[in-house]
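The lines below spell out each chain.
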Amino acid sequence: RVGRRGSERLPGRRPSSPRSEGRRWSGADFEGSRREAAMGNKILTAYDVQKEACYYSTELKWRLHSASFKERPTDKLTIFIFEKKHVEKYAKNAKEQILEVMRKDASSLQRLRHPHILSVVEALSEERSTLAFATKPVVGTVAQLLEHNRHELSALEMKCGLLDVAEAVQFLHQDAKTAHLGLSPHSIFIDPSGKWLLGGLGFSVSGVQWGQLVDCPFGFAPGNEVPGQLSYEPPARYASPEMCSMPCKCGLESDIFALGLLTYELMSTERQPLLRGAPRGYTNNMVRQASVPPDLYPALMKILSPSPNERMTISAFLNSEFFMDRNVRAIRFLEQLNEKDETQRVTFLKGLPQLLADPQSPLCSQRVLRERVLPRLCSALLFPSLYGVVVPIIIGLLKRDKVTDCAHFQAKLWPSIKPLYTAKEIPIEVVTLFLKELDLQCNLATPADQQAVLLPFLLRCLELQEPVILNEVLEKVPFLHKKFEYRQVKDQILPRMLQLLTSSAVVKVKVQVLMGLTRIFEIFDKATITDVILPAFDKLTKMDRTPAVCMCLLGCYDAMSKFLGPKVTAERILPLICPLLVEESLSAEQYESQMTVCRKLLQRVEVARQKEYATKKEMQAEAGHALGGGDVLSGGTPPTAATPKQAEPQDFESLLFAGTSKARPSMPTAPAVAPLKAPPPPTPATGAGAGSDFFGFSVGGSAPSTSGLGSGGFDPFASSMSAPAAMSQPGAFDPFSGMAGGGGGAA
């Protein structure tokens, strides 16, 4: 087993292949291998741990690995791991001191509890080859942030972070009576919400009072700091002058100086460290006033005083003008909102929109809103009494550009917002606002949440009898039908709308439903409109013929007539609209509107029918022309087919010698015999009908012309009194001529 797995990489190294990315440590990976004994720590086997370290530095010493609970994969934490093999090359004394610093770091964090101190979840577990403990999730350190991009965070974010650290130091000094002595960017961690947490307590000294300096356990001998080497001393460039002088002393004042160095590095225009090494020979003249904010400079000069007695306390620093910033105080109040009483919460949330109204305010930067403001506002949704104040602020921020995206919304905001859609008691204003911005929620939520949360919410709103809510939901349905499946709109949303239409006793509700159906009926198939919607309209007409309902129905019928076509208009819509013309409750203007629309619908049918007849006539004409009878129908003479040339007779010899001198001359062809002309019909006997027969043919004349048939001269319903006039025209054919003369005589 050792031979098979001996080449496997250790945590923190670059993966040998892309396939190794994202692998997790499990118990099977840690058992039975001496070389991998470092992976056998029980903490590593108790959680699902990402194999790749998210951060490591020689100053921090620990490797940070993201992990999760095996039973609850969504609950995250961070594993701190140190492998003892990394100190094997050091002297025995140095090795033991480094390990002691690591042990003290974990045990001190477990003992000290504060909102801004790194919180331990699993106590230190030391095995033969490893040290490991677990904390609440962190995403990195301030040092990592500075290495990546020193100008990534805004000044407001830096100031908020420094406030977090200063409050943690205040807790150490006033409550724990402990000097940190290792304060640096490597000992400050950042959690997923952007809050800064103090760690790195391996160098701390307990039982220290303000104004009381004790012997410093660190020598900071020149040359001890070697890049890339582990050290049992804190970084010298963040140490105070008294810690580096002889004799070495330290105390709570030493933390104030280190905090000043950190503040200068984060808040200066260059965002670079003030010192590059131990502060030997330091004077506060090194601080340039133009390089720091004006409200910070007076406090910074006192904090960075070379003399410990002249430095201000941590409480004085927290109360300095530097932290008296409305934006900083607003973020801090928002973070502590759950700890405030009801009146303070409401007062603060009513005043917060004023700070958020200025787009140039530092509070309105995208990162601050995304990481500091929105998550805290969503946490305030735990209090139902704050719904009406908090939800409008949240919705307004969500609509801002680049403040959130689908991943951020679903991970950090949606879990707090989601319960409101199923809450039993919620203000009407909040429901109305949710309906107005339902498309925004649909764009940010997952398809599963759209079907499981947003659609049921919409359906419940349709069942309410509140006109304000119904107005909003009916306005949103036309725009949201694409977010849901057609079957859901047809089988769930439409029946509820029609149920409201026929069951509600409030005319305004019926009008709103009719107006909503006017906007959305086009999304349904024609069968649904004719078989479901129109029968519901018919039922409504029999129940309620108030002028408002009649006029809304008129608009629906007009719109549906355009969509359904003239046939359905004639068969289904006109029978529904005509009874409304005799409704006595209509005013004169409303009646005129009804008549105008009715005429419009009739005109649509008329135009469509005329177009059909014209099309049929053109098709008949084209068919007759294609059959060669087009000229006959129009009274012309049918074209005669070309007579094929008669083949000349040939005998056997002519066929053999055709085209030679022996060919026989062709015989002249006999002329074709003309067909005999048919004799005229016999003359009928003279009688009462002499002069014309039943069909109006002249006696002894030629056959009547048929041109009248093709030109439309035939009128089967023509009056017998007009027969003489018709006969006077050439080619006019009247099958009832001769009957008007009382005996069938000629006119």
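Residues numbered from 1 in each chain as written. Predicted model: local features only at pLDDT ≥ 70, side-chain atom pairs only at ≥ 80, totals over all residues. Heavy atoms only, no water.

Draft legend 1. Representation of the sheet that holds strand β11 (residues 196-198) in the model. With antiparallel pairing, the three strands of this open sheet are ordered in space as β8-β10-β11. Each of the sheet's edge strands pairs with one partner strand only, and the pair in question is β8 (140-141) and β11. As judged from the three bridges shared by strand β10 (residues 188-190) and β11, these two strands associate in the antiparallel manner. Along β11, the bridge assignment pairs I190 with W196. The sheet contacts of helix α6 (residues 155-175) involve β10 and β11, and relative to β11 the element is tilted by about 25°. (Pairing = 2+ DSSP bridges. Helix = DSSP H or I, 4+ residues; strand = E, 2+ residues; numbered from the N terminus. Contact = heavy atoms within 4.5 Å. Axes fitted to C-alpha atoms, helices over the stretch in contact; angles between N-to-C directions.)

Draft legend 2. Quick look at unusual backbone geometry. At the junction of M246 and P247, the peptide bond is cis and its omega measures out at -5° in the coordinates. Looking at the element boundaries, P247 is found in the loop between α7 (241-244) and β14 (249-250). Phi at K177 takes a positive value of approximately 50°, unusual for a residue other than glycine. For K177, the location among the structural elements is in the loop between α6 and β9 (178-179). Given the relative accessible area of 32%, K177 is considered partly exposed. Positive phi values are uncommon outside glycine, yet R271 reaches one of about 55°. Secondary-structure assignment places R271 in the loop between α8 (252-267) and α9 (297-303). What makes R271 buried here is its relative accessible area of 9%. (Buried < 20%, exposed > 50% of the residue type's maximum accessible area, 1.4 Å probe, protein only.)

Draft legend 3. Main features of the side chain of H173. For H173, the location among the structural elements is in helix α6. According to the relative accessible area criterion, H173 is buried, its value standing at 5%. Filtering out sequence-adjacent residues up to four positions away, H173 remains in contact with T178, L252, D255, I256 and I314.

Draft legend 4. Structural detail: the packing of aromatic side chains. Scanning the entire structure with this criterion turns up 20 aromatic pairs. Judged by centre distance (5.2 Å) and plane angle (85°), the rings of F257 and Y282 are edge-to-face. Of this pair, F257 sits in helix α8 while Y282 sits in the loop between α8 and α9; the two residues are 25 residues apart in sequence, bridging distant segments of the chain. For the pair formed by F257 and Y282, the shared burial category is buried. Measuring from ring centre to ring centre gives 5.6 Å for F521 and F563, while their planes differ by 85°; the resulting arrangement is edge-to-face. With a gap of 42 residues between them, F521 in the loop between α21 (507-520) and α22 (526-543) and F563 in helix α23 (residues 547-564) connect regions that are remote in the sequence. Residue F521 is classed as buried on the basis of its relative accessible area of 2%. Here R63 stacks its cationic end above the ring of Y56, 4.2 Å away from the centre of that ring. Directly above the ring of F69 sits R72, whose terminal nitrogen or CZ lies 4.5 Å from the centroid. (Phe/Tyr/Trp six-rings, centres within 6.5 Å; stacked < 30°, edge-to-face > 60°. Lys NZ or Arg CZ within 6 Å of the ring centre and 35° of its normal.)

Draft legend 5. Geometry of the pattern of salt bridges. Enumeration over the complete set of coordinates arrives at 35 salt bridges. The salt bridge partner of D295 is K159, with a shortest N-O separation of 3.7 Å. A residue pair is termed long-range when its members are at least 10 positions apart, and D295 in the loop between α8 and α9 and K159 in helix α6 qualify at 136 residues. Under the relative-accessibility criterion, D295 is labelled partly exposed at 28%. (Salt bridge = Lys/Arg side-chain N within 4 Å of Asp/Glu carboxyl O.)

Draft legend 6. Representation of the environment of V568 in the model. Its place among the elements puts V568 in helix α24 (residues 566-577). The exposure class assigned to V568 is buried, which follows from its relative accessible area of 18%. C-alpha of V568 to C-alpha of K526: the two residues are 42 residues apart in sequence and 9.7 Å apart in space. Sequence-distant contacts of V568, that is, excluding residues within four places in its chain, are made with T530 and I573.

Draft legend 7. Seen up close, the packing of helix α16 (residues 428-436) against helix α19 (residues 467-480). Remark: α16 packs on α19, axes separated minimally by 9 Å, with the N-to-C direction vectors making an angle of 10°. With respect to their mutual orientation, α16 and α19 come out roughly parallel. Contacts between α16 and α19 involve I428, V431, T432, L435 and K436 on the former and, on the latter, V468, I469, E472, V473 and K476. Tallied by class, the residues present in the contact of α16 with α19 amount to six nonpolar, one polar and three charged. (Parallel < 35°, antiparallel > 145°, perpendicular 65-115°, else oblique. Nonpolar A, V, L, I, M, F, W, Y, C, P; charged D, E, K, R; others polar.)

Draft legend 8. Seen up close, helix α13 (residues 366-379). An ideal rise of 1.5 Å per residue puts 20 Å on 14 residues; α13 measures up with 19 Å between its terminal C-alpha atoms. Along α13, the sharpest change in direction is near 35° and occurs at V373; proline P375 comes one to four residues later. Burial runs high along α13: 11 of the 14 residues are buried. Among the residues of α13, those classed as buried are V368, L369, R370, E371, R372, V373, L374, P375, R376, L377 and C378. (Expected span 1.5 Å × (residues − 1). Bend = angle between axes of the 7 residues up to and from the residue.)

Draft legend 9. Expanded view of the environment of K562. The residue K562 is located in helix α23 in this model. In this structure, the C-alpha to C-alpha distance between K562 and L601, residues 39 residues apart in sequence, is 8.8 Å.

Draft legend 10. Quick peek at the state of the cysteines. Enumeration according to the criterion identifies zero disulfides in this entry. The closest cysteine sulfur to the non-disulfide-bonded C552 is located on C556, 6.8 Å from its own sulfur. According to the relative accessible area criterion, C552 is buried, its value standing at 16%. (Disulfide = S-S within 2.5 Å.)

Draft legend 11. Just the packing of α22 against α24, in detail. It is the contact of α22 with α24, at a shortest axis distance of 10 Å, that shows an interaxial angle of 25°. Judged by the inter-axis angle, α22 sits roughly parallel to α24. For the pair α22 and α24, the crossing hand works out as left-handed. Residues T530, D531, L534, P535 and D538 of α22 form the contact with α24, whose own contacting residues are V568, R572, I573 and L576. Of the residues belonging to the contact of α22 with α24, the class tally is five nonpolar, one polar and three charged. (Left-handed = near helix turned anticlockwise from the far one by under 90°.)

Draft legend 12. Main features of the nonpolar core. If you look at the biggest cluster of nonpolar residues, it comprises 182 residues, and the most contacted ones within it are F317, L377, I417, I493 and F537. For L377, the residues in contact, after removing those within four places along its chain, are L334, L349, L352, V390, I393, I394 and L397. Counting residues in each nonpolar core, the second largest holds 15 residues, with V101, A179, A236 and A239 among its members. (Core = buried A, V, L, I, M, F, W, Y, C linked by side-chain atoms within 4.5 Å.)

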